[in-house]
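# Overview (structure and organization)
Listed below, chain by chain, are the residues.
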Amino acid sequence: MAKPLLRWAGSKEQLVAKLVSYWKEDMQRYVEPFAGSARLFFRLEPEDAILGDINEDLIATYCEVRDNAAEVHSCLCGMENNSEKYYEVRGIDPEGLGRAERAARFIYLNRFCFNGLYRTNLQGAFNVPYGGERSGSLPTLERLADVGALLKRATIVCGDFAETIADVESDDFVYLDPPFSVSERRVFRQYDAADFCQEDLDRLRQALEEMNDKGTQFLLSYDDSEEGRRLAEGFLKQEVQTRRNIAGFSGSRRTAKELLISNAAI
């Protein structure tokens, strides 16, 4: 079982044991339109998959690790974990880098930034502060190669969730883990470009109905909220407990409920 390459706010690490029960061995293809760290993909290791996300840097990194893990690792070598190096790397304009260097920069910042957040300023520049020296270590060449081998099984696409799932079929399995957009309270978003609004939630609900009409099995994880319950209307739902960081600090956690919404029983 491979571990995800990236840290990601909102990762379903705590729920993955429950999520895997929705996957059946006779399913032909795994589809994840909000990939992030692709935690469930790496747990299941499906033979055929589609991974999509709106985050261009994320998708470019996955593609480069898939195609050129050794060169990405070479670029990572010598990149030390300290605040001086972190802010130096963060200040580099990625537009001036080659593909492997750009992927290495993304992996480095993801590993050592504060709590695995992805956030950009109005100019689109990554602006998350340094997370300290206890953020783990950079991936070895062996790990990058293992991740790359699994990613070779997937078609990797950059785009809106609706594009990723447009051509799903009845024997596919679609897992959706969108950013939360809870109107009654502030909920942390993974990255600015993916903030969900009511229009997006309406499109997501329509997508669920269309997949159900096709006979495509889906699983959606969402905050236990009024919006989540609207998404679940007419489908099966399971309430699960998880723990979330308060204000992003790993030492301050609270128990929260999420809904697992599906059109098929486990």
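Residues numbered from 1 in each chain as written. Predicted model: local features only at pLDDT ≥ 70, side-chain atom pairs only at ≥ 80, totals over all residues. Heavy atoms only, no water.

## Topic: the packing of helix α3 (residues 56-76) against helix α5 (residues 99-112)
At a minimum axis distance of 7 Å, the contact between α3 and α5 shows a crossing angle of 100 degrees. In terms of orientation, α3 and α5 fall into the roughly perpendicular class. Mapping the contact onto sequence places Asp-57, Leu-58, Thr-61, Glu-64, Val-65, Glu-71, Val-72, Cys-75 and Leu-76 in α3 and Arg-99, Ala-100, Glu-101, Arg-102, Ala-103, Ala-104, Phe-106, Ile-107 and Tyr-108 in α5. Grouping the constituent residues of the contact of α3 with α5 by class yields eleven nonpolar, one polar and six charged. (Axes fitted to C-alpha atoms, helices over the stretch in contact; angles between N-to-C directions. Helix = DSSP H or I, 4+ residues; strand = E, 2+ residues; numbered from the N terminus. Parallel < 35°, antiparallel > 145°, perpendicular 65-115°, else oblique. Contact = heavy atoms within 4.5 Å. Nonpolar A, V, L, I, M, F, W, Y, C, P; charged D, E, K, R; others polar.)

## Things to note about the pattern of salt bridges
Note that side chains of opposite charge can pair when their charged atoms are close. Applying the stated criterion across every chain, the model contains 14 salt bridges. Put simply, Lys-85 and Glu-88 hold a salt bridge, and the shortest N to O gap is 3.5 Å. Within this pair, Lys-85 and its partner Glu-88 are both found in helix α4 (residues 83-90), separated by three residues, close to a single helical turn. (Salt bridge = Lys/Arg side-chain N within 4 Å of Asp/Glu carboxyl O.)

## Examining the pairing of strand β2 (residues 49-53)
Among the five residues of β2, five are classified as buried, and the element is accordingly described as predominantly covered. Alternating residues of β2 divide into Ala-49, Leu-51 and Asp-53 and Ile-50 and Gly-52, and every residue in both groups is buried. In this structure, strand β1 (residues 29-32) lies alongside β2, joined through three bridges in parallel fashion. Looking at β2, one finds that Tyr-30 is bridged to Ala-49. In this fold, β1 hands off to helix α2 (residues 39-44), which returns the chain to β2; that crossover is right-handed. In this structure, β2 lies alongside strand β3 (residues 154-158), joined through five bridges in parallel fashion. Looking at β3, one finds that Gly-52 is bridged to Val-157. (Buried < 20%, exposed > 50% of the residue type's maximum accessible area, 1.4 Å probe, protein only. Pairing = 2+ DSSP bridges. Right-handed = clockwise from strand over helix to strand, strands pointing away.)

## Regarding unusual backbone geometry
One non-glycine residue with positive phi stands out, namely Ala-38, at about 55 degrees. Secondary-structure assignment places Ala-38 in the loop between β1 and α2. Under the relative-accessibility criterion, Ala-38 is labelled buried at 0%. A positive phi is found at Glu-45, a non-glycine position, where the angle reads about 50 degrees. Within the fold, Glu-45 resides in the loop between α2 and β2. Assessed through its relative accessible area of 26%, Glu-45 is described here as partly exposed.

## Examining the packing of α3 against helix α6 (residues 141-151)
Running from N to C, α3 and α6 cross one another at 170 degrees; their axes reach a closest spacing of 7 Å. As summarised for this structure, α3 and α6 are arranged roughly antiparallel, according to the angle between their axes. Where α3 approaches α6, its residues Tyr-62, Val-65, Arg-66, Ala-69, Ala-70, Val-72, His-73 and Leu-76 are matched on the opposing element by Leu-141, Leu-144, Ala-145, Val-147, Gly-148 and Leu-151.

## A word on α6
Since the α-helix advances by 3.6 residues per turn, residues separated by three or four positions end up pointing in the same direction. Residues Leu-144, Val-147, Gly-148, Leu-150 and Leu-151 constitute the buried set of α6. An end-on view of α6 places all buried positions within 160 degrees of arc, on one side of the element. Its buried side turned inward, α6 meets α2, β2, α3, α5 and β3. (Arc of directions from axis to C-beta.)

## Some points on the side chain of Gln-217
Within the secondary structure, Gln-217 is located in strand β5 (residues 217-223). Only 3.1 Å separates the side chain of Gln-217 from the backbone oxygen of Tyr-22, close enough to count as a polar contact. (Polar contact = N/O pair within 3.5 Å; in protein donor to acceptor, adjacent residues only side chain to side chain.)

## Let's talk about the packing of aromatic side chains
Aromatic ring pairs are described here by two measures, namely the spacing of the ring centres and the angle between the planes. Scanning the entire structure with this criterion turns up 16 aromatic pairs. Ring centres 5.1 Å apart and planes at 75 degrees place the aromatic pair Phe-41 and Phe-42 in the edge-to-face group. One exposure class covers both Phe-41 and Phe-42, and it is buried. One aromatic cluster is present, built from ring pairs that chain together Trp-23, Tyr-30, Phe-41, Phe-42 and Phe-173. (Phe/Tyr/Trp six-rings, centres within 6.5 Å; stacked < 30°, edge-to-face > 60°.)

Coordinates in, geometry out; function isn't part of it.
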